[in-house]
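Chains, contacts and geometry: an overview
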Amino acid sequence: MNTKSYFGKFGGQYVPETAMFALNELESEYLKAKADPTFQEELNDLLKNYVGRPTPLYHAKNLSAHYGQQIYLKREDLNHTGAHKINNALGQVLLAKRMGKKKVIAETGAGQHGVATATAAALLGLECDVYMGAVDMERQKLNVFRMELLGAHVVAIHDGLKTLKEATTAAIQSWVAEIETVFYVIGSAVGPHPYPSMVKDFQSIIGTECREQLNTLGLHADHVIACVGGGSNAIGIFSGFLDDDTTHLYGVEAGGYGIDTDMHAATLTLGKEGIIHGMKTYVLQDKYGQISPVHSISAGLDYPGVGPQHAHLFESGKATYIPITDAEAMDALVRTTRFEGIIPAIESAHALAYLEKLCPSLPANQTIVVNVSGRGDKDMHTVFSVLKGEKDEI
Ligand SMILES: *Cc1c(COP(=O)(O)O)cnc(C)c1O
């Protein structure tokens, strides 16, 4: 067993033999790039001047007063393209270019990873195919158009529930079919090794910056909260605090209609160990081991697996994972908007919603950081439908 590909017992490379060549090539090329100052300089230059990093760590004074705590928001919503995903997409597309690949492919749920990958491909001059479930395409029509405008080809997937899980399966199949010329840009800290570690590395800029920003303020984070779909924004911010036993880490999963229904995506809360998309991790599955259908009001969180490092952090007790329902997330979206004038993505609103539960249980004035993974503009259609009662979304 290749131990560096595992987090505890989770992770690994559960892929067809035909994909092993590409994974090995990716691992060795990534390790070379990681150690190459030229690659790091180019990436850092793009993160600074193209993405707009560092993102602010904003002291949310009104929410702080409301909760009697000191609440800081890590503003990944202010990145170019509106979410944390660009950090990883730029890293991987830059690596693809370095490896001499002509085309990148990606799967997407909310459309955010597709937009981020299409953006990076446009910038760096590579072809781009994005696989997307047909239901997600309907939910995120404008993001589909945005990707096409950026020159990407969006491939509609009509299998199963027509969401992220099926899009990911289709992307893996097409990658295996064209493995020599195509680079598969995975959008979260999931998939076979080395993806979970590589995506963690590219997103760890969030945690590194956040820790430095707190240091500058003379502060120590007592609590760090992030939403978890596949787990990339969460592992990104957690990575700044993993060595520190005095910071509590919370990953917020999609509780959908409630975890007493079967309409949720609370993988660590209710899943079991299994294999999905090339990795061993927690999986929502039935008694036959078939992957369960999942639901979340946010397209970015409705994934039946989770990154293997989170499965390990969960089992080791290093981080705590909590479900938040669609309704609780929508309340938090409105609250954050009214209190701070910041409209978060519905995904990020799950993390903000946990403040309602956490804050009353704490002594006053603890330092709490919430990662605002993205902005809500992409969700206005859903928010409008729910708040104006047009559709029975909740
Ligand atoms: C995709 C997405 C997520 C979920 O993905 P992770 O890999 O779990 O971070 C969260 N927030 C936003 C805004 C997203 O676009």
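Keep in mind that this is a model prediction, so the values were computed, not measured. (Residues numbered from 1 in each chain as written. Predicted model: local features only at pLDDT ≥ 70, side-chain atom pairs only at ≥ 80, totals over all residues. Heavy atoms only, no water.)

1. Details of the nonpolar core
Put simply, the rule is: Buried Ala, Val, Leu, Ile, Met, Phe, Trp, Tyr and Cys residues form a nonpolar core when they are joined through side-chain atoms within 4.5 Å. In this scheme, a residue with accessible area under 20% of its type's maximum is buried, one over 50% is exposed, and one in between is partly exposed, where area comes from a 1.4 Å probe on protein chains only.
Residues Leu-90, Leu-95, Val-104, Met-147, Trp-175, Phe-183 and Tyr-195 are the most contacted members of the largest nonpolar core, which totals 58 residues. Of all hydrophobic cores here, the second largest spans 37 residues; its members include Leu-63, Leu-73, Cys-227 and Ala-349.

2. Things to note about the packing of helix H4 (residues 85-98) against helix H5 (residues 112-124)
Which entries qualify depends on this criterion: Note on method: axes are straight lines fitted to C-alpha atoms, helices fitted across the in-contact stretch only, with angles between N-to-C directions ranging 0 to 180 degrees. For the purposes of this entry, the term helix denotes a DSSP run of H or I that reaches at least four residues, the term strand denotes a run of E that reaches at least two, and both are numbered from the N terminus. Oblique is the label for any angle not under 35 degrees, not over 145, and not in the 65 to 115 range, which are roughly parallel, roughly antiparallel and roughly perpendicular in turn. Left-handed is the label given to a crossing in which the near helix is rotated counterclockwise from the far helix by less than a right angle, and right-handed is the label when the rotation is clockwise. Whether two residues touch is decided by their heavy atoms; if any such pair falls within 4.5 Å, the residues are in contact.
Where H4 contacts H5, the two axes come as close as 8 Å, and the packing angle between them is 40°. If you check the angle between H4 and H5, you find them oblique. Relative to H5, the crossing made by H4 is right-handed. Two secondary-structure elements touch here, H4 through Lys-85, Ile-86, Asn-88, Ala-89, Leu-90, Val-93, Leu-94 and Lys-97 and H5 through Gln-112, His-113, Ala-116, Thr-117, Thr-119, Ala-120, Ala-121, Leu-123 and Leu-124.

3. A word on the sheet that holds strand S3 (residues 57-59)
For the record, the criterion: Pairs of strands are assigned from DSSP output, requiring at least two bridges between the strands.
On the basis of which strands lie adjacent, the open sheet formed by six strands has the order S3-S4-S14-S9-S10-S13 and mixed pairing. At either margin of the open sheet sits one strand with a lone partner, and together these are S3 and strand S13 (319-325). Going across the sheet, the axis of each strand differs from the next one's by a mean of 25°, ignoring polarity. Two elements, S3 and strand S4 (residues 70-75), share three bridges in a ladder whose sense is antiparallel. Note that in S4 the partner of Leu-57 across the bridge is Lys-74.

4. Details of empty space enclosed by the protein
Test applied: The method works on a 1 Å grid over the protein atoms by themselves. A cavity is a set of points holding a 1.4 Å probe that cannot get out, a pocket is an open set with protein on both sides within 12 Å along at least five of seven lines, and residues with an atom within 4 Å of a point line them. Grid points are joined across faces, edges and corners, and a volume is the space filled by probe spheres set on the points. Each residue gets one of three labels, nonpolar for Ala, Val, Leu, Ile, Met, Phe, Trp, Tyr, Cys and Pro, charged for Asp, Glu, Lys and Arg, and polar for the others, Gly among them.
Applying the stated rule across the entire model yields three cavities of 30 Å³ or more. Its volume calculated, the largest cavity comes out at about 60 Å³. Secondary structure elements with two or more residues in the lining of the largest cavity: helix H1 (17-35) and strand S8 (182-185). Split by residue class, the lining of the largest cavity holds nine nonpolar, no polar and two charged.

5. A look at the pattern of salt bridges
Where we set the bar: For this document, the term salt bridge refers to a Lys or Arg side-chain nitrogen within 4 Å of an Asp or Glu carboxyl oxygen.
A full pass over the atoms with the stated rule returns 20 salt bridges. With a closest N to O distance of 3.5 Å, Glu-315 and Lys-9 form a salt bridge. Of the two residues, Glu-315 sits in helix H12 (residues 308-316) while Lys-9 sits in the loop between strand S1 (6-7) and strand S2 (10-11), which places them 306 residues apart along the sequence. By relative accessible area, which is 41% here, Glu-315 ends up partly exposed. Ionic pairing is found between Lys-74 and Glu-209, a salt bridge with its closest N-O pair at 2.8 Å. Note that Lys-74 is positioned in strand S4 and Glu-209 in helix H9 (residues 195-216), a separation of 135 residues in sequence. Both residues of the pair, Lys-74 and Glu-209, belong to the buried class. Each of the salt bridges in this network shares a partner with another, and the network as a whole consists of Arg-53, Lys-74, Glu-76 and Glu-209.

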